[in-house]
Structures are given as C-alpha cells and as structure tokens.
Amino acid sequence: MTHIDAGAELDPVHPVPIPASPAERALGLSAAEVAERVARGEVNDVPVRSSRSVSEIVRANVFTRFNAIIGVLWLIMLFVAPFQDSLFGYVILANTGIGIIQEWRAKKTLDSLAVIGEAKPTVRRDGIAAQVSTSEIVLGDLIEIGPGDKIVVDGDCVEADGLEIDESLLTGEADPVIKQPGDQVMSGSFVVAGGGAFTATKVGREAYAAQLAEEASRFTLVHSELRTGISTILKYVTWMMIPTAIGLIISQLVVKQNDFKDSVARTVGGIVPMVPEGLVLLTSVAFAIGVIRLGRKQCLVQELPAIEGLARVDTVCLDKTGTLTEGGMDVTEVRPLGGSDEAYVHKVLGSLGESDPRPNASLKAIIDAYPDSEDWRCTESLPFSSARKYSGASFSEGNGETSTWLLGAPDVLLSEGDPALAETERLNEEGLRVLLLTRATRDLDDPAVKEGSKPTALVVLEQRLRPDAADTLRYFEEQNVKAKVISGDNAVSVGAVAGKLGLTGKVVDARQLPADQAEMAKSLDKGTVFGRVTPQQKRDMVGALQSNGHTVAMTGDGVNDVLALKDADIGVSMGSGSEATRAVAQIVLLNNSFATLPSVVAEGRRVIGNITRVATLFLVKTVYSVLLAILVVCWQVEYPFLPRHLTLLSTLTIGVPAFFLALAPNTERARPHFVRRVMRYSIPGGVIAAVATFITYLTARHHYSGTGALDAETSAATLTLFLISMWVLAIVARPYTWWRVALVATMGAGFLLVLVVPWLQDFFALKLVGATMPWIAVGIAAVAAAALEFVWKWVDRRFPA
C-alpha cells in the first residue's frame, strides 16, 4: 500500500499524503543524455527475432545429412553416367530451393507481424512520457509501468503507487511482490496491480532475462511430435541404409564384375531411393505456408509447433473478458442501498474513477458514466487486484470530511446471507455484471479493510458480447473440442453470458473446487463454466486438466491469465492484451478476433493430417528400396533399375502428388503416435511392392535373353513398381474429390506418355518388349494391389491408430 506519488508531502492541517505536482516528479533523461548514451552503445540492443536469419534458413535447408549423401552420389553420376541418370540431383536442388524460398517468405511474414505486435514501453524523457521501441531504451531511462506491463530491462524502482509485481516467471514464486521506491525490478517480471516508474540499470545482454526472452521469442522448429517423429524415422532409415548400401556396392561392383559405369549407375540407383529426403522438405514447406496463411489473417505464430499443438488440443480454456466479451462495458444502472443518496453515490463513483491512473474495463465504464468531482481529492489508493477482487481509495471531500471506499465483487465484500446478495444473484442470472460500492470503516492499508464496511450501492454493468464468439464456440463443439469458460467474475453471471452464446453445461463457483489435483480434474471434466477463479487457480486448473490426459489451450488477454497461459500446452493471447500475456503466448491474435482460432486449428490439422498422408508415400518407397537391395544382394543379380527410372517413378507417384496433397484442406483431428501410424502402413506397403517387383524382375530374367535383355527386364519391373506405387497413391489420396482423381489420373497419363513417345522411351530407357511379359507385369501388380487393400484394412482393424 503506497500513496499516489512517490515524493508526496504531508499537509500540516490534514496528516494525509498530498500527491506531488507533475513538476516535482522525475523528468527522466534529456534528449542530449539519450544521444550520449546511444553514442556509447548503452542501448537495449538484444536482437529479439521472430524467425531464423536468412543464413540460418539456407544452412538448415542445404546442409543436411541426406543432401550430403545425395550430393556425393550425384557428383559420381555426373562423371560415369548419362545426364538422365543424374536427374535426381537436379530434383534435390529444386526441392532445396523451394524450401529456402518458402521459409524466407514465412520469415518476412513473421517479422512484419512481430513489428505490429511489438511491446512499446512508456519512457519519460524531458518530463514527457512517450512510447518507444524496446530496442530504443538506453541506460538510465525512466520507464513508466502499470498493470499488465512487462518489465523489459532491469532497474531500480523510483515511483510506486500500490505497485505489485509478479516475478513467478523468474523465481517460480506465485505471490506478487509489493515494490517500494529503491527496490530492484527484474526483466521478465510483470505488473499485476498498481503503477509506478523505474530507472533502467541494466540493458541489452546484461539484463537478467535478456537471453531467456531472446530464446522464447525465436521462431523455432523444435519440440514438435511431427518433427520428432520424422527425425526418429530418418534415424532408423540411416541405420538400414548403411549395411544395405555396402552389400549392394559389393554385389554390383565386385561379385557381378559387369561394366564398371553400368554397375556404378545401378548401385547408385539402389541407394538414392532409400533416402526420404523430400519428407523433411515437405514438412518445412507445409509449416511455412501455414505461417504465411495465418499471417494474412493477422495471426502471429511465435513458435512454429503452436500450429501443430493447437490442432491436437481437445480442451480450450476461455477467459470470458476480452475473449467471449469485448473489452468495453456500459453502466446500465446504479442502485443505492440502505437509503444512500444517489447524487452522492455518483460523486463517489466519479472520484473512484479518477483515482486510478490505469483503470480496468469496469472502471472505464464508470468514468464514462460519471464525471470526477473537482472538489474531492484522492489521498490514498488501493489498485484493483485479481486476487483481491476489489479496489479502493481514500478521499478528502470538499467539505473537509474524509472517507474511504471500496469497489468490487459483492460476494467478496459482503458477508454470507446479506440481503443485497440475493439482488446481485438475480442480476447475474441475466448475464449482467454487478459491482458493490461500500464505505470502509478501516484504513486502506489494513489487511481486513473490507470487514465492517457499509454497503452503499450496486453498480450494474452490461458486457458487450463478441459477435463472432457464438460461431467459434459452435465450431469447437463440432470438432469435439471441449470449451471451459474460466473467469474471475461471478459464476452465475459468467454462466448467463456463456448461455447467451449457446454454451450450456454445469456452472461452478471455483471457490468450491477441491484443492487436490485429481479431485479437481474430476470436477473440471463435469463442469463447463467456472467463476470466481483466482490467477493461481487458473494455473492449477490447467495443470489438473493436463494430469487427466487433456491437451489444453488457454486464451486470455489480462495479466491474471499469464500463469495459466504459460503452463498450458498452447497459450493464445489477444493483440490488445497486456505485454506479459503477449510475451508468454505462442499465438497472438493481432486483430483481437476470437474467430481467428478456428483458422489456426484448421491450419494445424491440415499440416499434420497431410504430412501423415504423404509420409506414407515417402516411406513405402524407402522400405521397398531397402528390401529390393537386400533381395538383389541375396540373389546375386544386377540391380534392376537405373537412377533415371526411380527419378521418374518418384516424381510421378510421390514428389508431385505429395506437394498437392500436403497443401490440401484436411479437417481430421490430429492424433498422437505419428511414427506408429505411418509405419503400420509403410512397412507392409513397401514389402508388398518390393516382393511383387522382384518377382516380375526374376520372371522377366527367365523370359528374355540375348542383347537388350536387361533393358527389357528393367522395363517390365518398372511397370510393376509404377502400378503398385500408383495404387498406394490412390489409397493415400482417399477420400476422393474431383481434383484428387484428376491428380492420380494425370500422374498415370504422364507414365503412359513416356511409354508411347519414342524420344521419351530412349531418354528414360523404358521400352516394353513383346506382349506376354508386360501383361504378366500388369497381372502381378493387380495381385499386389489386392494384397495392399487387404493388408491395410487388416492393419486398421488389428492396430487401430
């Protein structure tokens, strides 16, 4: 509890603090002093970035393990084989280029959005307060702070007006710390109540939380089940590749003792398709395009996995104020209690509004409705706190009288059974917000100030519902995502607001919730609307839901939401929210529209669902390539394919289709266990493709003889493998739409074109000889396709996802 201004003096007649005049307040640095510090480099120059630099993007896309393998093989092929056998290298160059361009576009989008959403601290220079960029703060600057403001640099407090700072993000201690002039404030903490100013003593990388803030704000591709799963798959692929490739090299170059260049070409042809290089690229491209799409909707994704995470969410916790309702409110009525004079009550309300330099939404509505009484002077104030649920002020009235008033939640300020509570309950049931004005009999700095206070009036406020909230809640219901409304307001009032938006369910007063996490989790599963929730309770509720196996998203815009936002799987903040909420949230809705959330969910589902789809295509190819190489080594025969054949097959059955499928709409809810779900299809699919292709190849070896036999055998094996790969594509493309059918048909037509156009036949060394063997190849492919259908349906029943 402090006075309005540090530096206030005592009046000899009335022993109460008188606020210092603006002229007596600290002026801050002068323009000359700021310029001098900038010249010395004493600037807050921490490079907080929303994305990787261009050089990091290039390095990440170019210098990969698989690019190195493919690059070496490509260089070998450039020297020993025709141009068409080195086409795979040019495909990798094109893919890497696409990856770099898309991520660079995503970076530009993110950086431009980050500038819009950047925190602008208020700095006092030459006595004038103005907002500046965080990077423009210099050593010694005087920075003004109020509720919701994040402390951006370390400093010493010089002014305090009921200043309470939450340092939980630094210390883990949940209780706010009251600050007095001379106390230290740390970067990374934030203001929960009151206001004040501090002098910057450490800026840039010297500030306590500078490294933490830089790391937290960086656009990242890590901590994602999708990317972790792909990395796991690639690790296993590498282990399989090494011994298989060695066996293939020995088989083709040493044992068979065929023409050296042809043996090298066929060896490379066996190794290249084992590498699912396009899978990593396609994942990055899909995420990058998702960021760009969301950016167009004014949605800042501060951490890339947030797109994926929100798609996995099954419970979304909504803060009522600012999420379901707009920030503004209107005073609809003031009801005097106990015979209070209405005109006097209006004076009190006007003075209370003027006493708070940073009023919340409720107080702003009161300020708009009731002007300040010029003859009343505030001598002491108690800022509103989410934990207390009330604010207060002491006044010297124009007639020389003094009075102390509290304004807050009726069910907190009134004792149980008070007649005014019944009236409050009735108003709450209509969805109205009610505040109680009471006259205190104790000093404001007394911890029991509310005890014995006299109820004077009920202030009835109407909240403005967001026009898009009902549609958004309906969307979540349709997607089987449970919505939980968590608010500090009266439970009945919040329930009425939720009811107006079509959200029904049990309404619970959070003060009745059990403290035990397991019991709390059961209560949360049963309830839908929770009122009178404290900031610490919000955090506990998120933890309880998570302990019960739920993936939780939390939305909010106030400083009382910060702890819960930080602990939730996905934190979503409104762009107009406090600096602290924007700092800890993974997603910031810059347009303050709750209706943008379905777009984020849809984008995440599109990315995850489609990557799971196309991963099957890539990994079927890897499995059949490894198994074909093993069969070739065991049977001691020439590898059936040249690199050009597999480049053609990969392009038509994987590369081009995967690109379109990865960017297609997909509303299926994301499910866990990515690796298991992909491999349960890829392994049987790859085994069937490899065995069927090898049977065709061995049959062709017995069918053909003489000059050109190997080319004819290769063409027959290629036909079987292409048809099976097309069937895999046809299965993966389901459910069919016109464009999916057209995509599959176009890829088939492309292969047919190669078979009938003479110069393409020569270019790709594909020419079907006779009629018998090609039809045998088709027949084997048909049997394999039937086996694929049977096995995949069996897998669905035997190993459900």
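Scroll up to find the structure.
Basis of the calculations
- For every chain, the first residue of the written sequence is number 1, and numbering continues from 1 along that sequence.
- Restriction of local features to residues with pLDDT of at least 70 applies here, the model being predicted, together with a cutoff of 80 or more for giving and counting side-chain atom pairs; totals for whole chains, interfaces and linings are based on all residues.
- Values reported for side chains reflect all heavy atoms of the structure, with hydrogen atoms and water molecules removed beforehand.
- Numbering of helices and strands starts at the N terminus; helices are DSSP runs of H or I of at least 4 residues and strands are runs of E of at least 2.
- Note on exposure labels: buried denotes an accessible area under 20% of the residue type's maximum, exposed denotes more than 50%, and partly exposed covers the range between, all computed with a 1.4 Å probe on protein chains only.
- Any pair of residues with heavy atoms lying within 4.5 Å of one another is described as a contacting pair.
- Areas reported as accessible are Shrake-Rupley estimates using a 1.4 Å probe. Residue values count occlusion only from the protein chains shown.
- The convention is simple: Lys and Arg are positive, Asp and Glu are negative, and His and the chain ends are not counted.
- Charge positions come from single atoms, namely NZ of Lys, CZ of Arg, CG of Asp or CD of Glu.
- Think of a salt bridge as a Lys or Arg side-chain nitrogen and an Asp or Glu carboxyl oxygen that are within 4 Å of each other.
- An expected span of 1.5 Å times one less than the residue number is assigned to each helix.
- What qualifies as a polar contact is a pair of N or O atoms within 3.5 Å, subject to a donor-acceptor requirement within protein and to the restriction that residues adjacent in sequence count only when both atoms come from side chains.
- We call a set of buried Ala, Val, Leu, Ile, Met, Phe, Trp, Tyr and Cys residues a nonpolar core when their side-chain atoms join them within 4.5 Å.
- DSSP calls a pair of strands paired once it identifies at least 2 bridges connecting them.
- Centres within 6.5 Å are what make two rings of Phe, Tyr or Trp a pair, Trp counting through its six-membered ring; a difference in plane orientation under 30 degrees is then read as stacked, over 60 as edge-to-face, and the rest as tilted.
- Like charges within 9 Å and nonpolar side chains (Val, Leu, Ile, Met, Phe, Trp, Tyr) within 5 Å are joined into patches, using only residues over 30% in relative accessible area that form no salt bridge.

A.B. asks: Help me understand the overall build of the chain, please; the structure alone is not making it clear to me.
C.D. replies: Helix and strand counts for the chain stand at 27 helices and 23 strands. Based on the C-alpha atoms only, the size of the chain along its principal axes is roughly 120 × 60 × 40 Å. The buried share of the chain, reckoned over its 801 residues, is 56%. Sequence-distant contacts, at least 24 apart, represent 72% of the contacts inside the chain between residues at least 6 apart. Carbon together with sulfur atoms contributes 59% to the accessible area of the chain, which is approximately 32,800 Å² in total. Positive and negative side-chain charges of the chain, numbering 73 and 88 respectively, have mean locations separated by a distance of 12 Å.

A.B. asks: Teacher, can you tell me more about the pattern of salt bridges here?
C.D. replies: In this structure the tally under the stated criterion is 28 salt bridges. A salt bridge links Asp-471 to Arg-474, with the shortest nitrogen-to-oxygen separation between them at 2.7 Å. With Asp-471 and Arg-474 both in helix H15 (residues 469–478) and three residues apart, the pair spans about one turn of that helix. Sharing partners across several salt bridges, the network here consists of Glu-333, Arg-335, Glu-423, Arg-426 and Glu-430.

A.B. asks: Explain helix H18 (residues 535–547) to me, please; I cannot follow it from the model alone.
C.D. replies: Along an α-helix, a turn takes 3.6 residues, which lines up residues three or four apart on a common side. Taking 1.5 Å per residue, 13 residues should reach 18 Å; H18 reaches 19 Å between its end C-alpha atoms and fits that length. For H18, every residue scored as buried is listed here: Pro-535, Gln-537, Lys-538, Arg-539, Met-541, Val-542, Gly-543, Ala-544 and Leu-545. Where H18 is buried, its residues meet strand E11 (315–319), strand E18 (482–486), helix H17 (517–526), strand E20 (527–531), strand E21 (552–556) and helix H19 (562–567). Gly-549 occupies a position one or two residues after H18 and carries a positive phi of about 90 degrees.

A.B. asks: Got a minute to help me understand the environment of Glu-159 in this structure?
C.D. replies: Mapped onto the fold, Glu-159 is located in strand E6 (residues 154–166). On the basis of relative accessibility, which here comes to 10%, the residue Glu-159 falls in the buried class. Sequence-wise, Glu-159 and Leu-142 are 17 residues apart; in three dimensions their C-alpha atoms are separated by 9.9 Å. Side chain to side chain, Glu-159 and Arg-124 meet in a polar contact 2.9 Å long.

A.B. asks: What's the story with the nonpolar core in this structure? I'm lost.
C.D. replies: Note on soluble globular proteins: their nonpolar side chains tend to be buried together. Counting residues in hydrophobic clusters, the biggest one holds 135 residues, and the most contacted among them are Leu-310, Ile-587, Phe-594 and Phe-751. The element contributing the most residues to this core is helix H21 (residues 597–635), with 17 residues. Filtering out sequence-adjacent residues up to four positions away, Phe-594 remains in contact with Leu-318, Thr-323, Leu-324, Arg-466, Asp-468, Ala-469, Thr-472, Leu-473, Phe-476, Met-574 and Leu-589. Core analysis: the next-biggest nonpolar cluster, separate from the first, contains 25 residues, Ala-510, Leu-524, Val-533 and Leu-545 among them.

A.B. asks: Sorry, what's going on with the pairing of E18 here?
C.D. replies: Taken residue by residue, a regular strand's side chains alternate between the two faces of the sheet. Counted residue by residue, E18 has four buried out of five residues, so it is predominantly covered. Note: E11 against E18, five bridges, orientation parallel. The residue of E18 that forms the bridge with Cys-317 is Lys-484. In terms of strand pairing, E18 meets E20 through two bridges, oriented parallel. Residue pairing across strands places Val-485 opposite Val-529, the latter belonging to E20.

A.B. asks: Looking at this structure, I do not really get the packing of aromatic side chains. What am I missing?
C.D. replies: Think of a pair of aromatic rings as described by two things: how far the centres are apart, and how the planes are tilted against each other in angle. This model, assessed by the stated rule, comprises 15 aromatic pairs. The interplanar angle of 45 degrees and the centroid separation of 5.5 Å between the aromatic rings of Phe-83 and Tyr-90 together place this pair among those described as tilted. Owing to a relative accessible area of 35%, Tyr-90 belongs among the partly exposed residues under this scheme. Arranged with centres 5.7 Å apart and planes meeting at 55 degrees, the rings of Trp-376 and Phe-395 form a pair that is tilted. A residue pair is termed long-range when its members are at least 10 positions apart, and Trp-376 in the loop between helix H12 (361–369) and strand E13 (377–382) and Phe-395 in strand E14 (residues 390–396) qualify at 19 residues.

A.B. asks: Looking at this structure, I do not really get a nonpolar patch on the surface. What am I missing?
C.D. replies: A contiguous nonpolar surface patch, about 630 Å² in accessible area, is contributed by Ile-242, Ile-246, Ile-249, Ile-250, Leu-253, Val-254 and Phe-260. Mapped onto the elements, Val-254 comes out in helix H7 (residues 225–255).

A.B. asks: So what exactly am I meant to see when it comes to unusual backbone geometry here?
C.D. replies: For residues other than glycine, phi is negative in most cases, and the peptide bonds are mostly trans. With an omega dihedral of -5 degrees, the bond running from Arg-734 to Pro-735 counts as a cis peptide bond. Residue position: Pro-735 is located in the loop between helix H24 (709–732) and helix H25 (738–756). A positive phi angle is found at Asp-126, which is not glycine, with a value near 55 degrees. With respect to the helices and strands, the residue Asp-126 is situated in the loop between strand E3 (122–125) and strand E4 (128–131). Here Asp-126 falls in the partly exposed class, since its relative accessible area comes to 45%.

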